[in-house]
Amino acid sequence: MNRFPTWKYALIGVTIAAALLFTLPNFFGEAPAVQVSSNRATVKVDAALLGRLEQLLIAQQITTTGAILDLHGLRIRVADADTQLKAKDLIEKTLNPDPQNPEYVVALNLLSSSPSWLTAVHALPMYLGLDLRGGVHFLLQVDMQAALVKRLESFAGDLRTGLREKNIRHAGIAREGQTLRLRFRDAETRDKAMVTVGQLIPVLTLARRDDGQDFMIVATLKPEALKNEQDLAVKQNIVTLHRRVNQLGVAEPVIQQQGVDRIVVQLPGVQDPAKAKDILGRTATLEVRLVDEEAMRSGSSFNVDVFPERKRDGSVSAVPVKKQILVTGDQFIGASATFDNDHRPAVSVELNETAGRVMRQATRENLKHLMAIILIEKGKGEAISVATIQGEFGARFQITGSFTPTETSDLSLLIRAGSLAAPMEIIEERTVGPSLGKENIEKGFNATKWGFVAIVLFMSAYYTLFGVFSSIALGVNLLFLVALLSLLQATLTLPGIAAIALTLGMAIDANVLINERIREEVRGGQSPQAAIAAGYERAWGTILDSNVTTLIAGLALLIFGSGPVRGFAVVHCLGILTSIFSSVVVSRAIVNLAYGHRRKAGHLAIGDTGWK
Amino acid sequence: MEFFKIRRVIPFMRHALVFNVISLLTFLAAIFFLAHKGLHFSVEFTGGTLVEVSYKEAAKVEKIRETLEKAGLNGEVQNFGSSRDVLIRLPVVKGQSTADVSQKVTTLLKAEDATAEVRRVEFVGPQVGEELAEYGALALLVTAVGIVLYLWIRFEWRFGLAAIIANLHDVVIILGFFALFQWEFSLPVLAAVLAVLGYSVNESVVVFDRVRENFRKMRKASVPEVIDSAITGVISRTIITHGCTQAMVTTMLLFGGPALHYFALALTIGICFGIYSSVLVASPLVMWLGVDRTQFIRAPKKDPLEDKNEGAVV
């Protein structure tokens with residue numbers, strides 16, 4: 001009765017082997033590496049670049065021990081920290097000749113030094129949280145009210161222009177809180193305006209209201225448009241943050257939306273939170289200016305600003321532009337990649353009303369002349385588009401050039417990313433120095449190690465051979481847990497390590513239950529084989545019930561917890577699942593292997609059962 | 001080896017009233033301290049800034065406090081873990097740009113002593129703090145309801161109710177300790193409290209499981225006798241399991257450093273009171289609530305092994 005079919009042993013064997021495989025990368029540690037990623041949507045990191053850099057490093061007699069090219073960019077592994085710095089400097093100098101205007105992000109990183117066949121099967125070491133490896137965590141709150149106000153203001157401008165064009169006289173358009181109020185002298189004009197407004201801006205809900213003196217239209221954003229605006233504002237801010245973080249040279253930044261209106265920024269390894277804060281909070285702006293063609297021909301730089309323009313072939317040319325700024329970045333409402341009438345890739349942009357009027361006048365007066373769109377960051381400008389004005393236009397126009405569809409989508413991103421859609425505020429910050437991170441790992445590891453040793457010693461002494469079996473099952477549980485965490489790449493934090501320790505301490509409960517039950521059955525006069533079977537069977541219901549109740553608490557923590565609590569809950573829940581398997585199935589397999597195949601088991605080595 | 005050679009059933013239920021009175025008194029004391037002193041919430045809940053600074057030599061706490069006060073930063077300064085490490089807690093001040101406080105502190109301390117190394121900064125805005133407190137309470141509620149429902153389905157509503165009362169009483173007692181000694185109540189402590197809730201219920205479940213089994217086996221015994229024999233049957237397992245878990249928690253307390261200190265402390269209290277409450281509070285409660293054999297004889301035949309031991313007492 002205490003025999004498993006062969007397939008069951010095989011299955012357990014395979015599971016353990018797989019767990020070993022996925023745990024393995026954690027033992028190899030990490031080697032220093034240099035990471036290269038693109039700082040611009042238009043600059044690609046590819047195999048050609050890898051070849052170039054490898055040749056460069058060989059020429060300088062810097063030996064590399066491997067390279068990985070993936071979504072994060074290019075990572076080149078080197079032997080030690082000294083070589084890492086040397087290689088980084090060399091690559092930085094070569095790839096970014098102008099340090100003020102870097103095209104690539106070159107960062108120091110750590111790369112798992114596990115053999116490449118392990119990496120190939122996606123066996124990676126556990127992903128350590130910021131409290132273990134050091135770094136900065138910010139939680140930013142996007143000010144939605146401000147974003148909506150900005151949007152409504154721009155609608156107000158559009159409506160003024162739109163109504164004027166249709167010769168509908170209004171007596172004032174004003175924003176009050178989250179609504180727009182349009183006033184009219186008589187009901188007839190208002191009715192006409194209702195139709196026009198509805199056509200101009202379909203995302204508004206319109207209502208008639210009279211206050212005795214004026215006839216009003218009260219306009220509010222439709223709920224779905226409101227949601228859309230909020231999503232857009234957050235997405236745009238994330239794009240902007242990405243661009244800014246790239247300036248910091250962080251190897252693996254995390255920038256994610258959290259909830260409706262929050263953004264998490266995690267910068268592992270950043271030691272200087274002040275600089276990080278400064279860069280995240282910085283404003284980048286766009287400017288539209290006319291190109292001074294006179295100066296372009298003569299090459300003079302008198303009374304013009306000169307900005308570099310990177311051509312598609314990689315060459316850089318200087319673009320002199322007039323001092324007058326037609327439109328600034330905060331006047332851009334939107335930008336999207338599209339195609340023009342001739343099906344050529346183009347970027348369609350939208351300006352607010354004031355800027356639209358300026359553009360209309362400027363384009364009328366400068367037909368067939370060149371116009372430049374300049375992106376200014378940290379006081380450094382770059383012409384991202386130089387194009388000929390093909391016709392008169394206002395608030396909505398298209399930028400065409402010799403773009404590919406990818407480039408237009410990059411450019412529209414760039415235009416949108418130029419400024420934040422809505423102001424943001426840091427509402428949470430966590431900074432952990434690297435020394436504290438190392439200490440945390442060490443302390444967490446030590447606590448788990450000594451606790452584990454204590455339990456193993458006690459179990460082996462108290463339950464003798466069955467205690468050893470239980471200890472092996474507990475070890476397998478730890479193995480499963482680490483393998484699962486590595487496989488899922490769940491973030492391991494200090495509370496997570498505490499959860500590993502606690503889970504192990506609680507997991508032994510199942511084996512104590514089983515062992516006690518077996519002893520009891522033996523004392524009750526059962527034969528050894530029957531006692532084992534009955535012990536496992538009867539303990540099973542209890543083990544299940546007790547683990548389910550623990551799991552309920554774990555899940556509640558997982559759902560409602562944030563930050564450190566979630567780190568704890570993830571490991572805790574996973575640990576409960578692995579412990580059910582290891583303490584019931586794995587330990588049973590070991591017991592079966594030891595006793596199941598004897599015809600007469602004689603005496604069970606489970607400690608003192610002789611008393612009655 | 002065998003620690004517990006218990007040859008006869010220990011009459012726990014004879015003293016049920018005493019146990020419940022003791023519980024009630026501890027519970028009331030905990031409530032008193034909670035109301036009177038309140039919890040010492042960490043910045044995670046209240047909002048504020050926390051800066052951990054490490055010095056090469058023993059830190060001069062008084063001087064640091066003075067420096068900060070001169071700059072208009074009034075907060076708590078205390079040693080943390082060792083004499084060289086200092087923890088500075090600054091509350092949220094209305095109308096002050098809170099995100100920059102940590103920066104200001106760092107600059108001030110570095111100017112005073114160049115060896116000052118900032119090890120950790122935590123800043124939490126007041127809105128986040130409120131949310132955390134809210135979610136914490138919600139997690140507690142969901143856990144409690146979830147456990148009652150599960151035990152109701154698996155056992156009987158009396159068991160669910162008794163288990164949750166007994167174990168929420170543990171939670172309140174842990175909180176009472178934190179209020180009495182003004183230990184810092186942080187997010188990891190909240191996690192520990194909820195883990196304890198799940199863990200102690202697990203303890204009650206083990207006892208209840210045996211109560212149910214004994215109701216089926218011991219047809220002629222009275223309710224207190226059934227409960228007594230169930231508790232006696234599992235007492236050895238209870239103490240060994242908790243001993244093992246406590247061994248793990250103790251090593252955490254010893255080696256885990258200051259970051260895990262209160263987490264481990266909350267677990268320690270939780271484990272100690274968990275044993276007491278699940279054995280000596282939950283069981284009498286089930287009895288008072290009127291548990292009866294008739295509630296379990298719906299499934300008379302379950303395990304052929306059980307019949308042989310009919311009427312047997314461990």
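Before any of the text, the structure's been laid out above.
Conventions we followed
Residues numbered from 1 in each chain as written. Chains lettered and ligands numbered in written order. Predicted model: local features only at pLDDT ≥ 70, side-chain atom pairs only at ≥ 80, totals over all residues. Buried ≥ 20, exposed ≤ 12 C-beta atoms within 10 Å, placed from the backbone. Helix = DSSP H or I, 4+ residues; strand = E, 2+ residues; numbered from the N terminus. Pairing = 2+ DSSP bridges. Axes fitted to C-alpha atoms, helices over the stretch in contact; angles between N-to-C directions. Contact = placed C-beta atoms within 7 Å. Expected span 1.5 Å × (residues − 1). Arc of directions from axis to C-beta.

Visitor: For this particular structure, what's the right way to read the pairing of strand S5 (residues 117-124) of chain B?
Guide: One face of the sheet, then the other: side chains in a regular strand alternate in exactly this way. Residues and elements named next belong to chain B. When you tally the buried positions in S5, you get seven out of eight residues, the bulk of the element. Across seven bridges, strand S2 (residues 48-54) lies against S5 in antiparallel orientation. Bridge assignment links Glu52 to a residue of S5, and that residue is Arg120.

Visitor: Got a minute to help me understand the sheet that holds S2 of chain B in this structure?
Guide: Whenever strands of a sheet pair, they do so through backbone hydrogen bonds, lying parallel or antiparallel. Pairing within the open sheet is antiparallel, and its eight strands lie in the order S11(A)-S12(A)-S6(A)-S22(A)-S5(B)-S2(B)-S4(B)-S3(B). Each end of this open sheet is capped by a strand with a single partner; those strands are strand S11 (254-258) of chain A together with strand S3 (76-80) of chain B. Ignoring strand direction, the axes of neighbouring strands in this sheet form an average angle of 20°. Direction of pairing for strand S6 (residues 135-142) of chain A relative to strand S12 (residues 262-268) of chain A: antiparallel, over a ladder of seven bridges. Bridging from a neighbouring strand, His137 of chain A pairs with Gln266 of chain A of S12 of chain A. Sitting on the sheet, helix H3 (residues 61-70) of chain B is in contact with S3 and strand S4 (82-91) of chain B, with an inclination near 150° to S3 of chain B. Sitting on the sheet, helix H4 (residues 101-112) of chain B is in contact with strand S22 (424-432) of chain A together with S2, S4 and S5 of chain B, with an inclination near 30° to S2 of chain B.

Visitor: Could you clarify how one ought to interpret the environment of Ile231 of chain B in this entry?
Guide: Residue and element names in this part refer to chain B. Within the secondary structure layout, Ile231 lies in helix H8 (residues 223-255). Accessibility expressed as a C-beta count within 10 Å gives 22 for Ile231, which makes it buried. A C-alpha to C-alpha distance of 7.8 Å links Ile231 and Arg210, two positions 21 residues apart in sequence. Apart from the residues within four sequence positions on either side, Ile231 is in contact with Phe12, Val207, Val279 and Ser283.

Visitor: Where do I start with H4 of chain B in this structure?
Guide: Three or four residues apart is the spacing at which side chains of an α-helix point the same way, because the helix has 3.6 residues per turn. Compared with the 16 Å implied by 1.5 Å per residue over twelve residues, the 17 Å span of H4 of chain B between its first and last C-alpha is a close match. Within H4 of chain B, the full set of buried residues consists of Val101, Ser102, Val105 and Leu109 of chain B. The buried residues of H4 of chain B occupy an angular sector of 95° when projected down its axis, which confines them to one face. Exposed and facing more than 90 degrees away from the buried side of H4 of chain B are Thr107 and Ala111 of chain B. Considering only its buried residues, H4 of chain B is in contact with S22 of chain A together with S2, H3, S4 and S5 of chain B.

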